[in-house]
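Structure assessment
Now for the letters of each chain:
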Amino acid sequence: MSEIPYKSKLYTVIREAYKHDQRVEDYLKFRVYYEKKSVRSFGATYTPENKTIRILLNGTNFDDLLLSVLIHEATHHVQYVMEGKTDHSSNFRNIQKKLLFTAMNLKYINPFKLKAYYKYLSSYSEASKVIQMIEEYVKGKEKDCFFIGYIIPYDKNEIAKLKEAGYKYCKHGVRGLSNIWYKFSNIKEKPLYTSDACVILQD
Ligand SMILES: [Zn+2]
């Protein structure tokens with residue numbers, strides 16, 4: 001068990017979001033640990049008693065998604081300091097949104113990328129809430145990150161082609177989607193496949 005390097009980004013986000021709040025130092029008083037095994041069969045938890053966040057790092061939980069999950073857990077801490085309790089009420093969502101928007105302003109999270117993670121690659125039950133927040137944030141902004149994914153029948157040569165083209169593999173996507181080969185790009189790419197045997201996911 002060791003503390004994750006990602007926490008410095010998380011602390012910067014909280015410090016920036018609450019820079020005019022007298023209690024900001026208290027909002028920063030929590031610890032983050034990563035686990036390799038599933039945390040209570042879920043991705044992450046926050047325990048108020050010892051002010052500790054535990055988060056699963058297993059290879060599919062990383063990058064913009066990881067920071068957004070950390071923000072969810074840190075929101076529990078901030079709300080706990082503010083109210084002496086924490087839940088998923090509208091107060092919770094307001095804090096979460098403030099932190100998420102700050103992380104996107106700081107360019108720690110690309111909103112378009114995060115949206116695709118929630119839509120196709122992650123099974124967090126949070127998805128619809130976060131996607132709603134992202135849609136509010138990106139309104140009127142130019143899209144600078146495109147997601148493309150394929151679900152194709154197994155074929156050694158096709159897999160080699162995808163790897164060569166920079167695609168990554170995601171074994172378990174959101175409910176009903178698995179074995180996805182995906183890529184993020186700053187330009188909208190033409191699909192590699194057009195066959196009916198292949199499912200194309202685009203965002
Ligand atoms: Zn929660």
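Residues numbered from 1 in each chain as written. Predicted model: local features only at pLDDT ≥ 70, side-chain atom pairs only at ≥ 80, totals over all residues. Heavy atoms only, no water.

Thoughts on the coordination of the zinc ion
- For the zinc ion, the protein coordination sphere consists of His72 (NE2), His76 (NE2) and His88 (NE2), at 2.0 to 2.1 Å.
- Binding-site remark: the zinc ion is held by donors from one chain whose sequence spacing is H-x3-H-x11-H. Taken as a pair, His72 and His76 lie in helix H3 (residues 63–83) at a separation of four residues, close to a single helical turn. (Donors = N, O, S within 2.8 Å, 3.2 Å for Na, K, Ca; no water. Helix = DSSP H or I, 4+ residues; strand = E, 2+ residues; numbered from the N terminus.)

Describing the sheet that holds strand S2 (residues 44–47)
- Pairing is mixed in the open sheet, where three strands are placed in the order S1-S3-S2. With partners counted over all chains shown, the strands left at the sheet margins are strand S1 (31–35) and S2, one partner each. Averaged over all neighbouring strand pairs, the angle between strand axes comes to 15 degrees, with direction disregarded.
- With five bridges joining them, S1 and strand S3 (residues 52–56) adopt parallel strand pairing. Its bridge partner being in S3, Val32 is matched across the sheet by Ile53. (Pairing = 2+ DSSP bridges. Axes fitted to C-alpha atoms, helices over the stretch in contact; angles between N-to-C directions.)

Some thoughts on the domain arrangement of the protein chain
- Domain annotation of the protein chain identifies domain 1 (7–109) and domain 2 (146–202).
- Measuring from the centre of the C-alpha atoms in domain 1 to the corresponding centre in domain 2 gives 31 Å. (Domains from an automatic or database assignment.)

Some points on helix H5 (residues 111–121)
- Burial analysis of H5 places ten of its eleven residues in the buried class, the great majority of the element.
- Of the residues making up H5, those classed as buried are Pro111, Phe112, Lys113, Leu114, Lys115, Ala116, Tyr117, Tyr118, Tyr120 and Leu121.
- At the N-terminal end of H5, a side-chain oxygen is found 2.9 Å from the backbone nitrogen of Phe112, two or three residues along, and the residue is Asn110. (Buried < 20%, exposed > 50% of the residue type's maximum accessible area, 1.4 Å probe, protein only. Polar contact = N/O pair within 3.5 Å; in protein donor to acceptor, adjacent residues only side chain to side chain.)

Comments concerning the sheet that holds strand S6 (residues 178–185)
- Strand order in the open sheet formed by four strands is S5-S6-S4-S7, and the pairing between neighbours is antiparallel. The sheet is open, and its two edges are formed by strand S5 (168–172) and strand S7 (199–202), each paired on a single side. Averaged over all pairs of adjacent strands, the angle between strand axes in this sheet comes to 25 degrees, irrespective of strand direction.
- Contacting strand S4 (146–151), S5, S6 and S7, H5 crosses the sheet at an angle of about 170 degrees to S6. (Contact = heavy atoms within 4.5 Å.)

Comments concerning the nonpolar core
- Leu10, Ile14, Tyr18, Tyr118 and Leu121 are the most contacted members of the largest nonpolar core, which totals 55 residues.
- Per element, the largest residue contribution to this core is nine residues, and it comes from H3.
- Each of domain 1 (7–109) and domain 2 (146–202) contributes no fewer than three residues to this core.
- Ignoring any residue separated from it by four or fewer positions in sequence, one finds Leu10 in contact with Phe30, Val32, Leu67, Leu70, Ile71 and Ala74.
- Formed by nine residues, the second largest nonpolar core is a distinct cluster that contains Leu162, Tyr167, Trp181 and Cys198. (Core = buried A, V, L, I, M, F, W, Y, C linked by side-chain atoms within 4.5 Å.)

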